[in-house]
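Here is how the chains run, residue by residue.
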Amino acid sequence: MRASNLFRFISHIMNMIAASGKKRIAYAFANIIIMALGVFFAVAIKWLAGNMGESIGMLFACGFGILICALLALLCFLQGFVAQIALVIIAGIGMFHPEERAGNVISFLIALLTTAGLIAALVIFLKMV
């Protein structure tokens, strides 16, 4: 991971910490989009692997596409997944503030359910492969 991506990711986590309860709901959905991009790139890897063809040009093109998609899938998955787990913790702590309780409860539930759903989908996907 490049240093600029790491700093952007740390900045994203810091913004989630500083956000109000209602804004954390938007961060929960943003993390879902990042994780969905990771799933998209994983599906692209499977599609590219199935369509390599017999020509040497197609083999190199699909191999390059698999490499790029694997890196992007790993980056999106890790950043989205780690940010969603961080949001579970941040929103869980934020529920102790009475004026922001509703937004934090909603963002906590969204983050917790999508994290559990992603883990379940990953287990199912790995059993299929």
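Residues numbered from 1 in each chain as written. Predicted model: local features only at pLDDT ≥ 70, side-chain atom pairs only at ≥ 80, totals over all residues. Heavy atoms only, no water.

(A) Focus on the confidence of the model for the protein chain. Of the residues in the protein chain, 96% reach a pLDDT of 70 or more, and the chain-wide mean stands at 87. Of all the helices and strands in the protein chain, helix 1 (residues 3–18) carries the lowest mean pLDDT, 81, while helix 3 (residues 56–94) carries the highest, 90. (pLDDT = per-residue confidence, 0-100. Helix = DSSP H or I, 4+ residues; strand = E, 2+ residues; numbered from the N terminus.)

(B) Expanded view of the nonpolar core. The biggest cluster of nonpolar side chains holds 16 residues, and the ones touching the most others in it are I13, M16, A83, A86 and L87. Counting residues per element, the ones that place at least two in this core are helix 1, helix 2 (21–50), helix 3 and helix 4 (101–128). In terms of residues, this core owes the most to one element, helix 3, which gives six residues. Discounting chain neighbours no more than four positions away, the residues touching A86 are I13 and M16. One finds A44, I66, C69 and A73 within the second-largest nonpolar core, a separate group that totals eight residues. (Core = buried A, V, L, I, M, F, W, Y, C linked by side-chain atoms within 4.5 Å. Buried < 20%, exposed > 50% of the residue type's maximum accessible area, 1.4 Å probe, protein only. Contact = heavy atoms within 4.5 Å.)

(C) Just a nonpolar patch on the surface, in detail. On the surface, L6, F7, I10, M14 and I17 cluster together into a nonpolar patch covering about 500 Å² of accessible area. For M14, the location among the structural elements is in helix 1. Exposure remark for M14: the relative accessible area of 48% places this residue in the partly exposed category. (Patch = residues over 30% accessible without salt bridge, like charges linked within 9 Å, V, L, I, M, F, W, Y side chains within 5 Å. Areas by Shrake-Rupley, 256 points an atom, 1.4 Å probe, with all protein chains shown as cover. Salt bridge = Lys/Arg side-chain N within 4 Å of Asp/Glu carboxyl O.)

(D) Examining the side chain of S107 more closely. The residue S107 is located in helix 4 in this model. Residue S107 is classed as buried on the basis of its relative accessible area, which comes to 0%. Once residues within four sequence positions are removed from consideration, S107 is found in contact with G21, R24, I25, A28 and A91.

(E) Broad picture of the layout of surface pockets. Quantified by volume, the largest pocket comes out at close to 300 Å³. Taken together, G38, V39, A42, V43, A73, L74, F77, L118, A121, L122, F125 and L126 make up the full set of residues lining the largest pocket. At the level of elements, helix 2, helix 3 and helix 4 are the ones that each hand at least two residues to the lining of the largest pocket. For the lining of the largest pocket, the leading source of residues is helix 4, giving five residues. For the lining of the largest pocket, a count of residues per class yields eleven nonpolar, one polar and no charged. (1 Å grid on protein atoms, 1.4 Å probe; cavity = no way out; pocket = protein on both sides within 12 Å on 5 of 7 lines; lining within 4 Å. Points joined across faces, edges and corners; volume = space filled by probe spheres on them. Nonpolar A, V, L, I, M, F, W, Y, C, P; charged D, E, K, R; others polar.)

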